[in-house]
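One-letter residues, chain by chain:
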Amino acid sequence: MHLLEPRPQPSQLMRWTAPLIAIVATLLVGSGLFLALGKDPLQSFKVFFVEPLTSSYGWSELLIKACPLILIAQGLAIGFKARIYNIGAEGQLIVGALAGGGIAIQFGDSGAAWVLPAMVLAGALGGALWGAIPALLKTRFNAEETLTTLMLSYVASFLLSYMVNGPWRDPEGMNFPQSVMFADGALFPILLEGSRVNGSVFITLFAVLGFWLFNAKSFLAYQLEVGGQAPAAARYAGFSAQRTVWFSLVLSGLTAGLAGVGEVAGPVGQLNLNISPGYGFAAIIVAYLGRLHALGIVLAGALMALIYLGGEAAQVALQLPAAITGIFQGMLLFFLLGADAFIDNRLRRRK
């Protein structure tokens, strides 16, 4: 009989190599998947990972899809280091989009310069408040944040559906569940003509820089990490467990809310049921694939965005179902968690 036994000192080199192992394993299993579907693996991988980047438009779309993933993952990584697992960033993204979109619907036609900044602020506050609900439930009632954050994502989805089917539905939208298109003053300016790249990318850029400095220079970041790695030592040192919960969940909710505003005031341009293709859930993979490091998350976010683009290209060129994107994301997470399990533990034979 074999049992997993914790390693006394897990290898840091292997920990940073684990994402590469997971990527290679995903490609190998993906080859078998393409063969089973009757597709040539080399041609399929070319369609999936190469052809989306053969044009300037493809690169611009990569940037557009990578930015919300990177932004959300930066906030999630702070909590994950402290062993606070926010699984509901998708719901916080939706609430941020609703908060910012509500301002665009009510005041966007005014043309006032304050509308877009107010949307960004409202989106950040909306996401933060949605993250504060599981923080309150955990600190007051010891409710598991993995469950409460996930369940609140479904509440947010139903709330979005209600608003775009009811009070905020476009009266000229032929009964589609969508709001009116936002006015130009409620949209981020386009940075590259002929593309969808807009000013929201600067939010992600500043977030990456801010989180990198926070992790490198802040004593609070050290407290959060100690609280996650060694709770007993954190309590002995007087670090507040409740402050860790509140800070982690509110901050990750804030970044998700900002990502939601970036979508509705950027490439989407309105509220509808498809403002996110699951960025909040995919960002969990991005955070772990980037090893919870600000710069590693940037590379992981670019890879995840490429998987989104490749999945769309495969639907058109290879006639594969839309689920192919989720399959590759799932395999990547599965192999990454498997690699981490054997980095932290070793198999021991028990007689």
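Above this text sits the structure in question.
Moving on: helix α1 (residues 12–36). Here α1 is 25 residues long and its end C-alpha atoms lie 37 Å apart, about the 36 Å a rise of 1.5 Å per residue gives. Where α1 bends most, at A18, the angle is about 40°, and the proline P19 comes one to four residues later. All of the buried residues in α1 are A18, P19, A22, A25, T26, G30, S31 and F34. Contacts from the buried residues of α1 go to α2 (41–50), α11 (279–289) and α13 (323–344). Where α1 begins, the capping side chain belongs to S11, and its oxygen is found 3.4 Å from the backbone nitrogen of L13. Count one or two residues on from α1 and you reach G38, which has phi positive near 80°.

A word on the environment of T54. Tracing the chain through its elements places T54 in the loop between α2 and α3 (56–81). Residue classification places T54 among the exposed residues on the basis of a relative accessible area of 60%. Reaching out from T54, the side chain makes a polar contact with the backbone oxygen of E51 at a distance of 2.7 Å.

Counting residues in hydrophobic clusters, the biggest one holds 93 residues, and the most contacted among them are I72, M119 and M304. Ranked by residue count, the leading element in this core is α3, at 11 residues. With residues up to four places along the chain from it excluded, the contact list for M119 reads G100, I103, A104, F182, A186, V261 and A265.

Taken as a whole and judged by the stated rule, the model has 6 salt bridges. E145 serves as the salt-bridge partner of K138, at 3.0 Å between the closest nitrogen and oxygen. We classify K138 as buried; its relative accessible area is 18%. Classification of E145 as buried rests on a relative accessible area of 3%.

Turning next to α11. Judged by how many residues are buried, α11 sits mostly within the fold: 10 of 11 residues are covered. Where α11 is concerned, the buried positions are Y279, G280, A282, A283, I284, I285, V286, A287, Y288 and L289. In this structure, the buried side of α11 is in contact with α1, α3, α4 (89–107), α10 (241–264), α12 (294–317) and α13. At the exit of α11 stands R291, carrying a positive phi of roughly 60°.

Next up on the list: a nonpolar patch on the surface. Together, L191, L192, F202, L205 and F206 make up an exposed nonpolar region whose accessible area comes to about 510 Å². Assignment of secondary structure puts F202 in helix α7 (residues 201–217).

Let us look at the packing of α3 against α7. Relative to each other, α3 and α7 sit at 25°, their axes nearing to 9 Å. Classified by the interaxial angle, the pair formed by α3 and α7 is roughly parallel. Of the two possible hands of crossing, α3 and α7 adopt the one that is left-handed. Across the interface between the two elements, L63, C67, I70, L71, Q74, G75, I78 and K81 from α3 touch V201, I203, T204, A207, V208, F211, F214 and N215 from α7. When its residues are assigned to classes, the contact of α3 with α7 shows 11 nonpolar, 4 polar and 1 charged.

Parameters at a glance
Residues numbered from 1 in each chain as written. Predicted model: local features only at pLDDT ≥ 70, side-chain atom pairs only at ≥ 80, totals over all residues. Heavy atoms only, no water. Helix = DSSP H or I, 4+ residues; strand = E, 2+ residues; numbered from the N terminus. Expected span 1.5 Å × (residues − 1). Bend = angle between axes of the 7 residues up to and from the residue. Buried < 20%, exposed > 50% of the residue type's maximum accessible area, 1.4 Å probe, protein only. Contact = heavy atoms within 4.5 Å. Polar contact = N/O pair within 3.5 Å; in protein donor to acceptor, adjacent residues only side chain to side chain. Core = buried A, V, L, I, M, F, W, Y, C linked by side-chain atoms within 4.5 Å. Salt bridge = Lys/Arg side-chain N within 4 Å of Asp/Glu carboxyl O. Patch = residues over 30% accessible without salt bridge, like charges linked within 9 Å, V, L, I, M, F, W, Y side chains within 5 Å. Areas by Shrake-Rupley, 256 points an atom, 1.4 Å probe, with all protein chains shown as cover. Axes fitted to C-alpha atoms, helices over the stretch in contact; angles between N-to-C directions. Parallel < 35°, antiparallel > 145°, perpendicular 65-115°, else oblique. Left-handed = near helix turned anticlockwise from the far one by under 90°. Nonpolar A, V, L, I, M, F, W, Y, C, P; charged D, E, K, R; others polar.

Remember that the coordinates give geometry; whether it matters functionally is a separate question.
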